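Summary of structural features
What follows is the residue order along each chain.
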Amino acid sequence: MPPRPDDPLRLAILCAEARRIVVLTGAGISTECGVPDFRSPGSPWLVHKPIGFADFLASPATRAEAWRRKFAMDDIYRDAKPGRGHRALVRMASTGRLVAVITQNIDGLHQAAGLDDDRLIELHGNGTFARCLGCERRFELVDVRQHLDETGMALDCGCGGFVKSATVAFGQPLRTGTIERAVAVARTCDLFVAIGSSLVVRPAASLPLVAQAAGAALVIVNREPTPLDGQADCVIHCDAGDALIGAAEILENHTS
Ligand SMILES: [Zn+2]
């Protein structure tokens, strides 16, 4: 009897045959961790709507407001911890067969689970620290927040540059080299798994097709349909954590 279309073990079967796996993760892997999905109805993101990049650059007032909204969101998911999917990906990486995780998420939960930085590509940056837009110096959020609380102003760098969350705001270019790294790993894998991503936001949405054009099998794991389902070699409608736990177990048992 063929497996049901929502059977999470279908991912494990495909992973067992793969030598170089690349996983793209989206919001679906973090929802069980208490991180709100930007797109879901009633999302707190809609209340504390992030300030776009052009507005952030426009004035000290918008920069301060951007930080107020950012910290309001941080307070909502301050206690978020890595979930089953994050932990399973670390196990898959330790077998050597998961070569890279590309993520659209900015929650830092892949690192918190213990995934090595050299296997992680964060397309939209990381919301757990800040960076000067001028000299790229790193700043810690606690210092930015203290400055905001005390002065009502956004912190500026000593170089005169604006200090911004290390995420990619709407309208902000991706960090140099990020998409190049993502395309390079997508082109050299034999199995590309898009998991928990609605696959509507570019450049993430283009990476599965880059991998497939280079010869990889494409698997989409998501609770909801995606625009790429028709092109995938396999679509599994299930929870990200369920699918990845099964894949981690089979890789550990089938890797010598
Ligand atoms: Zn600076």
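Residues numbered from 1 in each chain as written. Predicted model: local features only at pLDDT ≥ 70, side-chain atom pairs only at ≥ 80, totals over all residues. Heavy atoms only, no water.

The protein chain has the name protein acetyllysine N-acetyltransferase in an unreviewed UniProt entry, where Lichenifustis flavocetrariae is given as its organism.

**Some remarks on the side chain of Ser-30**
In this fold, Ser-30 is placed in the loop between β1 (21-25) and α2 (44-47). Excluding anything up to four places from it in sequence, Ser-30 contacts Val-35, His-86, Asn-105, Asp-107 and Leu-109. (Helix = DSSP H or I, 4+ residues; strand = E, 2+ residues; numbered from the N terminus. Contact = heavy atoms within 4.5 Å.)

**Here we look at the coordination of the zinc ion**
At 2.2 to 2.3 Å from the zinc ion lie its protein donor atoms, namely Cys-132 (SG), Cys-135 (SG), Cys-157 (SG) and Cys-159 (SG). Note that the zinc ion binds four donor atoms; their angles at the metal cover 99 to 119°, and the shape is tetrahedral. On the primary sequence, the residues serving as donors to the zinc ion are separated as C-x2-C-x21-C-x1-C. Taken together, the positions of Cys-132 in strand β4 (residues 125-132) and Cys-159 in the loop between α7 (141-151) and β6 (163-167) put the pair 27 residues apart, joining distant regions of the chain. By relative accessible area, which is 2% here, Cys-132 ends up buried. On the accessibility criterion, Cys-159 (47% relative accessible area) is partly exposed. (Donors = N, O, S within 2.8 Å, 3.2 Å for Na, K, Ca; no water. Tetrahedral: all angles 85-135°; square planar, octahedral: opposite > 155°, others 65-115°. Buried < 20%, exposed > 50% of the residue type's maximum accessible area, 1.4 Å probe, protein only.)

**Description of α7**
For α7, the set of buried residues is Leu-141, Val-144 and Leu-148. Down the axis of α7, the smallest arc covering the buried residues is 65°, so these residues share one side. Away from its buried face, by an angle of more than 90 degrees, α7 presents the exposed residues Val-142, Asp-149 and Glu-150. Summarising the contacts, the buried residues of α7 are in contact with α4 (60-76), β4, β5 (138-139) and β6. Following α7 by one or two positions, Gly-152 has its phi on the positive side, about 75°. (Arc of directions from axis to C-beta.)

**Observations concerning helix α5 (residues 84-94)**
Looking only at α5, the buried set comprises Gly-85, His-86, Ala-88, Leu-89, Met-92 and Ala-93. Here the buried residues of α5 occupy an arc of 165° about the axis, which is enough to place them on one side.

**Overview of the state of the cysteines**
Within the structure shown, the criterion is met by zero disulfides. With no disulfide of its own, Cys-189 has Cys-15 as its nearest cysteine by sulfur position, at a separation of 11 Å. Free of any disulfide, Cys-234 has its nearest cysteine sulfur in Cys-238, 9.5 Å distant. (Disulfide = S-S within 2.5 Å.)

**Observations concerning the environment of Arg-63**
Among the secondary structure elements, Arg-63 is positioned in helix α4. Judged by relative accessible area, which is 6%, Arg-63 ranks as buried. For the pair formed by Arg-63 and Phe-162, sequence separation is 99 residues and the distance between their alpha carbons is 8.6 Å. Those residues in contact with Arg-63 that lie beyond four places of it in its chain are Phe-56, Leu-57, Ala-58, Ala-154 and Phe-162. One polar contact links the side chain of Arg-63 to the main-chain carbonyl oxygen of Phe-56, over a distance of 3.1 Å. (Polar contact = N/O pair within 3.5 Å; in protein donor to acceptor, adjacent residues only side chain to side chain.)

**Some thoughts on the domain arrangement of the protein chain**
Along its sequence, the protein chain is organised into domain 1 (1-35 + 82-124 + 174-256) and domain 2 (36-76 + 126-167). Computed from C-alpha coordinates alone, the two centres of domain 1 and domain 2 are separated by 29 Å. On the side of domain 2, eleven residues touch domain 1, which itself brings 14 residues to the contact. For the pair domain 1 and domain 2, the summed buried surface comes to about 890 Å²; carbon and sulfur atoms form 51% of the total. Taken as a group, Val-35, Ile-106 and Arg-175 account for 50% of the area that domain 1 buries against domain 2, more than any other trio of residues on that side. Seen at the junction of domain 1 and domain 2, the total is one salt bridge. Across the domain 1-domain 2 interface, the total number found is three residue pairs in polar contact (both at pLDDT 80 or more). For the side of domain 1 that touches domain 2, a count of residues per class yields five nonpolar, six polar and three charged. (Domains from an automatic or database assignment. Buried area = accessible area lost by both parts, 1.4 Å probe. Salt bridge = Lys/Arg side-chain N within 4 Å of Asp/Glu carboxyl O. Nonpolar A, V, L, I, M, F, W, Y, C, P; charged D, E, K, R; others polar.)

**Quick word on the sheet that holds β6**
In spatial order, the strands read β5-β4-β6; together these three strands make up an open sheet with antiparallel pairing. At either end of the open sheet lies a strand with only one pairing partner, and these are β5 and β6. The sheet contact formed by β4 and β6 spans four bridges and is antiparallel. Note that in β6 the partner of Cys-132 across the bridge is Val-163. Here α4 sits on the sheet in contact with β4 and β6, set at roughly 40° to β6. (Pairing = 2+ DSSP bridges. Axes fitted to C-alpha atoms, helices over the stretch in contact; angles between N-to-C directions.)

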